[in-house]
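The lines below spell out each chain.
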Amino acid sequence: VSGAEKKRWTLNDFDIGKPLGRGKFGHVYLAREKRSNHIVALKVLFKSQLQQSQVEHQLRREVEIQSHLRHPNILRLYGYFYDQKRVYLILEYAAKGELYKELQKCKYFSERRAATYVASLARALIYCHGKHVIHRDIKPENLLIGAQGELKIADFGWSVHTFNRRRTMCGTLDYLPPEMVESVEHDASVDIWSLGVLCYEFLYGVPPFEAKEHSDTYRRIVQVDLKFPLKPIVSSAAKDLISQSINGSHQFSIEILKYVDNDIRLKSMTKPM
Ligand SMILES: O=C(O)c1cc(-c2cccc(F)c2)nc2ccccc12
Ligand SMILES: [Mg+2]
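Attention here is on the structure that accompanies the text.

Rules behind the numbers
Residues numbered from 1 in each chain as written. Chains lettered and ligands numbered in written order. Predicted model: local features only at pLDDT ≥ 70, side-chain atom pairs only at ≥ 80, totals over all residues. Heavy atoms only, no water. Phe/Tyr/Trp six-rings, centres within 6.5 Å; stacked < 30°, edge-to-face > 60°. Buried < 20%, exposed > 50% of the residue type's maximum accessible area, 1.4 Å probe, protein only. Lys NZ or Arg CZ within 6 Å of the ring centre and 35° of its normal. Salt bridge = Lys/Arg side-chain N within 4 Å of Asp/Glu carboxyl O. Core = buried A, V, L, I, M, F, W, Y, C linked by side-chain atoms within 4.5 Å. Helix = DSSP H or I, 4+ residues; strand = E, 2+ residues; numbered from the N terminus. Near = heavy atom within 4 Å. Polar contact = N/O pair within 3.5 Å; in protein donor to acceptor, adjacent residues only side chain to side chain. Areas by Shrake-Rupley, 256 points an atom, 1.4 Å probe, with all protein chains shown as cover. Contact = heavy atoms within 4.5 Å.

1. A look at the packing of aromatic side chains
No. 1: The tally for this structure, following the rule as stated, stands at ten aromatic pairs.
No. 2: Ring plane angle 15 degrees and centroid distance 4.5 Å describe the contact between Phe81 and Tyr88, whose orientation is recorded as stacked. For the pair Phe81 and Tyr88, a shared accessibility class is recorded, and that class is buried.
No. 3: By the ring-pair criterion, three or more aromatic residues cluster together here, those being Trp9, Phe14, Phe81 and Tyr88.
No. 4: Here the guanidinium or amino end of Lys7 rests over the ring plane of Trp9, the centre of that ring lying 5.2 Å away.

Shown next as structure tokens:
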């Protein structure tokens, strides 16, 4: 598909269909690329809004990062183009829509469904971290569902490429203290923390540190005030995975996810209740 990358797209290349949703900077439309009949989602962003919110650099970084990622659980960004007033992102179309709407509808997910989503997310994050990319905004609103029910991470607006700044910044790592060297892992594990938070929200229908006031949520997070409700009933293996991802040492929680790959831990989570 290298041709698609070099091609300069224009609006005339697409038939525009129904609106799929609206974001802060514009709307997303179903669209069909005329030559290939390929169905895509066309995200239309207004330059004026992007300038007002000073997110132009963030958008360019999002496009740069997401266009180079190839993984079944990461929403593809095929390309972009822009005209006088708007920037257009050509995105993979996720036929079953937004995961947060599905979670609102079912209140919370079964362990099997939660484990399937967490395993896909973990694989996608291991892939991203392997490329020194961290997402930093893993939440239900940024997750979509493909036609076969598979989860897709979208919206890399907050992602960063952590290519070892430490070495480039100061030549050698030799004289850096542990917290400086460790911080590259530390950065990557913000996604691991969010995975634990997400797993909790999949199983209980609410995020673990929710509170009326922001200040209370903030305090609960920094105190890692993790409590499991009595209802719905959740297996101890699931609680174990959540607390290890949230409490565990960062390196340890990354180790866990490597096991997730053969589903060792998740099989115990998905044992029929
Ligand atoms: O008029 C431009 O050159 C322009 C280009 C881009 C842009 C260029 C590549 C990738 C991408 F995602 C966005 N974003 C903008 C945002 C606000 C105002 C102008 C621009
Ligand atoms: Mg978003």
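Don't stop here, the text continues.
2. Thoughts on the pattern of salt bridges
Note that side chains of opposite charge can pair when their charged atoms are close.
No. 1: Per the stated rule, a full pass over the model turns up 13 salt bridges.
No. 2: The salt bridge involving Asp83 is made with Arg86; its shortest N-O contact spans 3.8 Å.
No. 3: Residue class for Arg86 comes out partly exposed when judged on its relative accessible area of 26%.
No. 4: Ionic pairing is found between Asp225 and Lys227, a salt bridge with its closest N-O pair at 3.2 Å.
No. 5: The structure contains a network of salt bridges with shared partners spanning Lys7, Asp13 and Arg35.

3. Quick notes on the nonpolar core
No. 1: Counting 36 residues, the largest nonpolar core has Leu99, Leu121, Leu143, Ile153, Phe156, Phe202 and Leu203 as the members making the most contacts within it.
No. 2: Breaking this core down by element, the ones donating at least two residues are α4 (99–106), α5 (111–130), β7 (143–145), β8 (151–153), α7 (178–204) and α9 (236–246).
No. 3: If you look at the next biggest cluster of nonpolar residues, it comprises 16 residues, including Leu75, Leu77, Leu144 and Ala154.

4. Focus on the site of ligand 1
No. 1: Every residue near ligand 1 is listed here: Lys47, Leu50, Gln51, Glu56, Leu59, Arg60, Val63, Tyr80, Tyr82 and Val87.
No. 2: Between ligand 1 and Lys47, the relevant distance is 2.7 Å, taken from an oxygen atom to a side-chain nitrogen or oxygen of the residue.
No. 3: Protein contacts shield 84% of the accessible area of ligand 1, which totals 430 Å² for the unbound molecule.

5. Some words on the environment of Arg35
No. 1: Examined against the element boundaries, Arg35 turns out to sit in the loop between β2 (27–33) and β3 (38–46).
No. 2: Measuring from C-alpha to C-alpha, the distance between Arg35 and Arg123 comes to 34 Å, with 88 residues separating the pair along the chain.
No. 3: Residues in contact with Arg35, not counting those within four places in the same chain, are Lys7 and Asp13.

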